[in-house]
Amino acid sequence: MAGDIVGDMSSTPIVNWPGELADQLDWHWENALKPRFAGLTDEEYFAEPVPGCWSVRRRGEGVAREVGSGEWIIDFAIPAPEPAPVTTIAWRLGHLIVGVFGMRNASHFGGPPLDYDSYAYPGTAEGALDALTEQVERWTAGVRGLTAEALAQACGEPGHEQDSLATLVLHINREAFHHGAEVALLRDLYLGSAGRLMT
């Protein structure tokens, strides 16, 4: 019987786990998020659905700590206030570009050094979507190029040093799905109200 079990196990197909993880994000990006982000206007990008939103703003106009190296900054605070403020599409895209993908690309896949303080935030929807696309594509290519052995190694993320790289990749995928869905919903609300409630 033991021989039969070993024989059955040896015929089990080998799963390309890096490819599976990359494909999960790549499919969602190409089929769900990019189509929903297409045509995003600057008005939508900056629209504030409620008073007191955090957003990307011109330097000197921030409503929290101003973070960023260029003309445009992102509202930020550590620790975040309780309850956390509602954030605009611009803020959410900035978070995806820097905090979700950019910093991890720098740590794991040879991307340029990047953090919230040093980043020059885009002042247009087109600029933000171009930057996000670049970061997503670098991340997806990096994950696809990993080995199963590499995925099992500790990722070294501050506060999660012993978590595997696979755990980090799954977290990044969830973050992209989560914040991407928020952006899509904010677009729906803006378009459904013809911008009347988001000025």
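Here, the structure is the one placed above.
Calculation criteria
- Residues numbered from 1 in each chain as written.
- Predicted model: local features only at pLDDT ≥ 70, side-chain atom pairs only at ≥ 80, totals over all residues.
- Heavy atoms only, no water.
- Pairing = 2+ DSSP bridges.
- Helix = DSSP H or I, 4+ residues; strand = E, 2+ residues; numbered from the N terminus.
- Axes fitted to C-alpha atoms, helices over the stretch in contact; angles between N-to-C directions.
- Contact = heavy atoms within 4.5 Å.
- Polar contact = N/O pair within 3.5 Å; in protein donor to acceptor, adjacent residues only side chain to side chain.
- Buried < 20%, exposed > 50% of the residue type's maximum accessible area, 1.4 Å probe, protein only.
- Expected span 1.5 Å × (residues − 1).
- Bend = angle between axes of the 7 residues up to and from the residue.

Participant: What exactly am I supposed to notice about the sheet that holds strand E1 (residues 56–58) here?
Facilitator: What the three strands build is an open sheet, ordered E1-E3-E2; its pairing is antiparallel. A strand with exactly one partner marks an edge of an open sheet, and here the two such strands are E1 and strand E2 (65–67). Adjacent strand axes in the sheet meet at a mean angle of 50° when their direction is disregarded. Pairing between E1 and strand E3 (residues 72–76): three bridges, direction antiparallel. When the sheet's bridge partners are listed, Arg58 is paired in E3 with Trp72. Of the strands in this sheet, E1 and E3 are in contact with helix H4 (residues 89–108), which crosses E3 at around 90°.

Participant: What am I meant to see in the side chain of Arg187 here?
Facilitator: Structurally, Arg187 is set in helix H7 (residues 165–192). Within polar-contact distance, the side chain of Arg187 engages the backbone oxygen of Arg36 at 2.6 Å. Apart from the residues lying within four places of it in its own chain, the contact partners of Arg187 are Arg36, Phe37, Ala38, Gly39, Leu40, Glu44 and Ile89.

Participant: Looking at this structure, I do not really get the environment of Gly110. What am I missing?
Facilitator: Along the polypeptide, Gly110 turns up in the loop between H4 and helix H5 (125–144). Here the alpha-carbon distance between Gly110 and Arg138, two residues 28 residues apart in the chain, equals 9.1 Å. Once residues within four sequence positions are removed from consideration, Gly110 is found in contact with Asn105 and Arg138.

Participant: Would you take a moment to explain the side chain of Thr88 for this structure?
Facilitator: Locating Thr88 in the fold gives a position in the loop between E3 and H4. For Thr88, a relative accessible area of 0% puts it in the buried group. Of note is the side chain of Thr88, whose polar atom sits 2.9 Å from the side chain of Ser55. Once residues within four sequence positions are removed from consideration, Thr88 is found in contact with Tyr45, Phe46, Ala47, Glu48, Cys53, Trp54, Ser55, Val56 and Leu186.

Participant: Just to check I follow, could you spell out H4 for this structure?
Facilitator: Residues spaced three or four apart along an α-helix point in a common direction, a consequence of the helix completing one turn every 3.6 residues. Taking 1.5 Å per residue as the helical rise, H4 with its 20 residues ought to reach 28 Å, and the 27 Å between its terminal C-alpha atoms agrees with that figure. At Phe101, H4 shows its largest kink, close to 40°. Among the 20 residues of H4, 16 are classified as buried, and the element is accordingly described as predominantly covered. A positive backbone phi angle near 75° is found at Gly110, which sits one or two residues after H4.

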